[in-house]
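Descriptive structure summary
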Amino acid sequence: MKIRELLVPDSFEITPIQRGDDRGIFLEWYRFDALRDAVGHALDLRQANTSVSKRGVVRGIHFADIPIGQAKYVTAIHGAVLDFVVDLRVGSPAFGRWDSVLLDTADRKAVYLAEGLGHAFVALTDDATVSYLVSDTYRPEREHGITPLDPQIGLALPSDIGELLLSPKDLDAPTLEQARDEGLLPTMDSARELYDSLDTVGSRP
């Protein structure tokens with residue numbers, strides 16, 4: 001597989017090698033050792049999630065408190081989504097910057113984002129099915145969101161897919177500036193301290 005760092009530090013695009021014949025294809029969509037070598041530590045897998053979305057559904061921008069945070073390894077197993085990673089770490093040189101990757105069943109790419117980064121996607125097809133490997137279990141009291149419609153962030157949401165569909169929670173989420181003023185955002189220092197504490201076998205502090 002090929003791994004490249006995105007414009008948001010500590011996030012990566014993973015492109016698997018697909019091997020096909022007249023029966024179909026085979027690929028490795030996750031390799032702990034390849035990801036470990038790129039990131040600097042292994043993904044300590046604690047939970048796996050799947051979401052199915054109608055065309056035009058927007059999910060995110062979601063993030064979790066540090067510590068513990070929640071790193072994510074995301075791929076589309078049916079349909080297509082435009083996946084976004086946003087740097088929400090106060091003090092990061094890339095604060096507010098985002099990058100995107102098309103996740104579909106043609107290239108079958110994946111995205112890894114470290115703890116402290118925000119995640120969102122927009123479904124480009126009906127029944128867009130996204131699977132996530134995550135480094136911590138769901139802790140609702142530690143989960144937060146930024147509105148994906150925040151003009152300061154300026155996510156390039158496609159204009160040709162019709163009406164965008166957001167949950168009430170995501171619609172009511174604060175802007176990046178509001179979340180910073182309210183002290184909801186992780187800091188770069190806390191994120192770096194967490195990253196440095198993770199060893200190469202993926203155990204957590």
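About the criteria used
Residues numbered from 1 in each chain as written. Predicted model: local features only at pLDDT ≥ 70, side-chain atom pairs only at ≥ 80, totals over all residues. Heavy atoms only, no water. Helix = DSSP H or I, 4+ residues; strand = E, 2+ residues; numbered from the N terminus. Buried < 20%, exposed > 50% of the residue type's maximum accessible area, 1.4 Å probe, protein only. Contact = heavy atoms within 4.5 Å. Polar contact = N/O pair within 3.5 Å; in protein donor to acceptor, adjacent residues only side chain to side chain.

Looking at an unreviewed UniProt entry, one finds the protein chain named dTDP-4-dehydrorhamnose 3,5-epimerase and attributed to Leifsonella bigeumensis.

Along the polypeptide, T129 turns up in strand β12 (residues 128-134). Residue T129 is classed as buried on the basis of its relative accessible area of 12%. A sequence separation of 52 residues divides T129 from I77, and the C-alpha atoms of the two residues are 5.7 Å apart. Other than its neighbours up to four places away in sequence, T129 contacts T50, S51, V52, T75, A76, I77 and H78. At 3.1 Å, the side chain of T129 and the backbone oxygen of D127 are in polar contact.

On to the side chain of K109, then. By the secondary structure assignment, K109 is in the loop between β9 (98-103) and β10 (110-113). K109 sits in the buried class, given a relative accessible area of 18%. Not counting residues up to four positions away in its chain, the partners in contact with K109 are E13, I14, T15, P16, V74, T75, A76, V101, L102, L103 and D104.

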